[in-house]
Amino acid sequence: VLGLMAGFDFPTSGSIRIDGQEIAQMDEDELALLRGRKLGFVFQSYNLIPTLTAEENVMLPIELRGESPEAPSRARLLLEAVGLAGRRSHYPAQLSGGEQQRVALARAFAGRPSILFADEPTGNLDSKTGTSIMELMTGLNEQGSTIIIVTHDPAVAHYTDRIIRIVDGRIAV
């Protein structure tokens, strides 16, 4: 579902619109611009760039938006917010799974997305860190971002305004 909404996959029927634009009719360049300007992603597998430090991974979406001068300070603030200020110079292979997840969250927040797609955003975190991440996501939502979360965790679902259950590939009523 997240892949469809983000334009990574295309529907066999129906339509998906973001800001009134049908994304299935966009070419790859248009989709890349849409993703870079409006969308943020937290993948279950993190998708960090292994040759970049934690700080550089977080700076990337800021720089891609053309906001290079503010990239280092914003990246440091975000890494501090997810409890990784002291790990900013570490590469993904030097970080635990939970730390990589937090870097991925900081990177997703960095671009100030209009829509943030999150696949099990607290899946590899202890409950205390998971709670703080959900509070950060709530703050991002309060600043105007729409957050779409896929989760099996009722504690995560508790933070949402709306829950849509999918059972056997269908929306459960």
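Read on for a plain summary of the structure. Note that the structure is a prediction, hence the values are computed from the model and not measured. (Residues numbered from 1 in each chain as written. Predicted model: local features only at pLDDT ≥ 70, side-chain atom pairs only at ≥ 80, totals over all residues. Heavy atoms only, no water.)

**Notes on the sheet that holds strand E5 (residues 146-150)**
Reasoning step 1: Here we have three strands laid out as an open sheet, ordered E3-E4-E5, and parallel in their pairing. Looking at the sheet topology across the chains shown, the edges are occupied by strand E3 (39-42) and E5. Recorded for the sheet is a direction-independent mean angle of 15° between the axes of neighbouring strands.
Reasoning step 2: Pairing geometry for E3 and strand E4 (residues 115-119), over four bridges, is parallel. When the bridges of E4 are listed, Leu 39 appears paired with Ile 115.
Reasoning step 3: Each of E3 and E4 touches helix H2 (residues 28-38); the most contacted strand, E3, lies at about 80° to it. (Pairing = 2+ DSSP bridges. Helix = DSSP H or I, 4+ residues; strand = E, 2+ residues; numbered from the N terminus. Axes fitted to C-alpha atoms, helices over the stretch in contact; angles between N-to-C directions. Contact = heavy atoms within 4.5 Å.)

**Looking at a nonpolar patch on the surface**
Reasoning step 1: Residues Val 1, Ile 164, Ile 166 and Ile 171 make up a contiguous nonpolar surface patch of about 410 Å² in total accessible area.
Reasoning step 2: One can find Ile 164 in the loop between helix H7 (154-157) and strand E6 (166-167). (Patch = residues over 30% accessible without salt bridge, like charges linked within 9 Å, V, L, I, M, F, W, Y side chains within 5 Å. Areas by Shrake-Rupley, 256 points an atom, 1.4 Å probe, with all protein chains shown as cover. Salt bridge = Lys/Arg side-chain N within 4 Å of Asp/Glu carboxyl O.)

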